Amino acid sequence: MKTIIIATDFSASALNAARYAASLSTQLNVKQIVLYHSYELPTATEIPFPENRDAHALNEKCISSLHNLQAAILDLCASDVSFEIHANDNPLIMGLQELSEHYANPFVVIGITGKSRGLTALIGSNTISISKNLTVPVLVIPNESNYTTIKNVVLSCDLKEVSESSPVDAIKSFVHALSAKLLLLNVDHNESTHFNPDSITEQYNLHKLWDNETSEYHYTDNPDIALGIMEFAKQHQSGIVIIVARSYGFFEGLFHKSMTRKLALSTQLPLLILKEIHQKVPQ
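Residues numbered from 1 in each chain as written. Predicted model: local features only at pLDDT ≥ 70, side-chain atom pairs only at ≥ 80, totals over all residues. Heavy atoms only, no water.

When its secondary structure is counted, the protein chain shows ten helices and ten strands. By residue count, 51% of the 283 residues in the protein chain fall in the buried class. Within the protein chain, residue pairs in contact and separated by at least 24 positions form 84% of the contacts whose partners lie at least 6 positions apart. Only carbon and sulfur atoms are counted for the fraction: they give 50% of the accessible area of the protein chain, which is about 14200 Å². (Helix = DSSP H or I, 4+ residues; strand = E, 2+ residues; numbered from the N terminus. Buried < 20%, exposed > 50% of the residue type's maximum accessible area, 1.4 Å probe, protein only. Contact = heavy atoms within 4.5 Å. Areas by Shrake-Rupley, 256 points an atom, 1.4 Å probe, with all protein chains shown as cover.)

Where two aromatic rings form a pair, the distance of their centres and the angle of their planes describe that pair. One pass over the structure, following the stated rule, counts one aromatic pair. Both rings, one in Tyr20 and one in Tyr147, keep their centres 5.5 Å apart while their planes meet at 80°; by these two values the pair is edge-to-face. Of the two residues, Tyr20 sits in helix H1 (residues 12-28) while Tyr147 sits in the loop between strand E5 (138-141) and strand E6 (152-156), which places them 127 residues apart along the sequence. Residue classification places Tyr147 among the partly exposed residues on the basis of a relative accessible area of 24%. (Phe/Tyr/Trp six-rings, centres within 6.5 Å; stacked < 30°, edge-to-face > 60°.)

This part covers the sheet that holds strand E8 (residues 215-221). Sheets are built from strands paired through backbone hydrogen bonds, the pairs being either parallel or antiparallel. Strand order in the open sheet formed by ten strands is E3-E2-E1-E4-E5-E10-E9-E6-E7-E8, with mixed pairing between adjacent strands. Either end of the sheet is taken by a strand with one partner, and the two such strands are strand E3 (82-88) and E8. Put simply, the sheet's adjacent strands are angled 25° from each other on average, direction ignored. Taken together, the four bridges between strand E1 (residues 3-7) and strand E4 (residues 106-111) define a ladder with parallel strand orientation. The residue of E4 that forms the bridge with Ile6 is Val109. Together, E1, strand E2 (32-38), E4, E5 and strand E9 (240-244) form the strand contacts of H1, whose direction differs from that of E4 by roughly 145°. The strands that helix H3 (residues 92-102) touches are E1, E2, E3 and E4; relative to E2, the one it contacts most, it runs at about 155°. (Pairing = 2+ DSSP bridges. Axes fitted to C-alpha atoms, helices over the stretch in contact; angles between N-to-C directions.)

With 41 residues, the main nonpolar core has Ile6, Leu35, Val109, Leu139 and Ile242 as its most contacted residues. Here this core takes seven residues from H1, the largest share from any one element. If sequence neighbours within four positions are ignored, Leu139 has contacts with Tyr20, Leu24, Phe107, Val108, Val109, Ile110, Ile240, Pro270, Leu271 and Leu272. By size, the runner-up hydrophobic cluster in this structure holds 29 residues, among which are Tyr36, Val136, Leu185 and Phe232. (Core = buried A, V, L, I, M, F, W, Y, C linked by side-chain atoms within 4.5 Å.)

Turning our eyes to something else, we now look at the pattern of salt bridges. All told, the structure shown has two salt bridges when counted by the stated rule. Note that Asp80 is salt-bridged to Lys31, the shortest N-O span being 2.6 Å. Placement of the pair is Asp80 in the loop between helix H2 (52-73) and E3 and Lys31 in the loop between H1 and E2, with a sequence separation of 49 residues. In this structure, the salt-bridge partner of Lys181 is Glu216, at a minimum N-O distance of 3.1 Å. (Salt bridge = Lys/Arg side-chain N within 4 Å of Asp/Glu carboxyl O.)

Turning next to unusual backbone geometry. One non-glycine residue, Phe10, lies in the positive phi region at around 70°. In this structure, Phe10 sits in the loop between E1 and H1. We note that Asn105 has phi near 45°; this positive angle belongs to a residue other than glycine. For Asn105, the location among the structural elements is in the loop between H3 and E4. Given a relative accessible area of 45%, Asn105 falls into the partly exposed group.

A few words now on the environment of Gln32. With respect to the element layout, Gln32 can be found in strand E2. Gln32 sits in the buried class, given a relative accessible area of 19%. For the pair formed by Gln32 and Val81, sequence separation is 49 residues and the distance between their alpha carbons is 5.5 Å. In contact with Gln32, other than residues within four places in its own chain, are Lys2, Thr3, Ile4, Ser82, Glu84 and Tyr103. Side-chain polar atoms of Gln32 contact the side chain of Glu84, separated by 3.2 Å. (Polar contact = N/O pair within 3.5 Å; in protein donor to acceptor, adjacent residues only side chain to side chain.)

Right, let's get into the pairing of E6. Where burial is concerned, most of E6 is hidden: five out of the five residues are buried. The alternating pattern of E6 places Asn152, Val154 and Ser156 on one face and Val153 and Leu155 on the opposite face, and all of these are buried. As judged from the five bridges shared by E6 and strand E7 (residues 181-188), these two strands associate in the parallel manner. Within the sheet, the bridge partner assigned to Ser156 lies in E7 and is Leu185. When E6 meets E9, the two strands line up parallel, connected through three bridges. From the neighbouring strand, Val154 faces E9, where its bridge partner is Val241.

Given below as C-alpha cells:
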C-alpha cells in the first residue's frame, strides 16, 4: 500500500478521517497522499444549466478547500510525503475508482458520516456503496477514532473457503508495514461446527496461510458476529479490524439501522475492508 486516497466532503467526520489517515501514513511509511472531493453540478432540468464560469468557480473553490485540508494535516505526516489534489464532478465511486487505477497500490480512506441528514442514510448510500464497489482496500474511520500507534490488528476469519478467498498478500503487506501483531479471529455461535470435518480442514488451511507470521488464533462465541468481532478487538487493544467483504453480510449487518446507534456509541475502531480473491494454500 503505497498511496492513500482520502475522500472528503469537508465535514467534521471527514476531517477526522483525514487526520487519522495522515498519522497512519507515518507508521505505514506511505510517501504519497491524494486528497479528493467529488462535487455535483446541477443536472439538466428546465432551469438553465450554470454557465461554464460558474462550474469553473465551483471547481476552484473545491480545490482551495482541499489545499486548506492539506495544510490542516501536513504536520501529522512525514516530511517527505507528497500531496496531490483532485476535485471533479464525477460520481463519487467513479472518481475514486479512476484515481485508484492511476496510483500504485492505493487504499481509500473515508469517514463514517458526512453532511447528509441522518446517520443511517449516509452510511447506507456512501460508506457501504464505496466499500462494495471499489476494487481497492477501503479504510473506514468512525467519528470518534483517534490515532495511536497500532500494535495489534484483528482479522475476521469465517472458516469458509479460507485458502481461496483470503487476500493474504495484501493483509501481510499491511501488517508488516505497521510492524503489528495479527490476531486471527473466528466468531461463531455453534461450537459443533468447530469439530466437523469441513471446519477442521479450514482451520488447517488457515494455519498454512498464517503460521509463518507473528500471529495468534482466537475462537469466540457470540450470536452477533459483528458485535463479537468489535468486542474482541477492544478487549485485545486492536488498532484496526480487517474484514473481507463477503462474509456474513458483515458490512450490511454492522451498519444496519437497528445497530447503527449501538455501534456508533460502542466502537471507535477503524475497519479495513478488503475484497475476496482466489488464492491457494501453499504446498
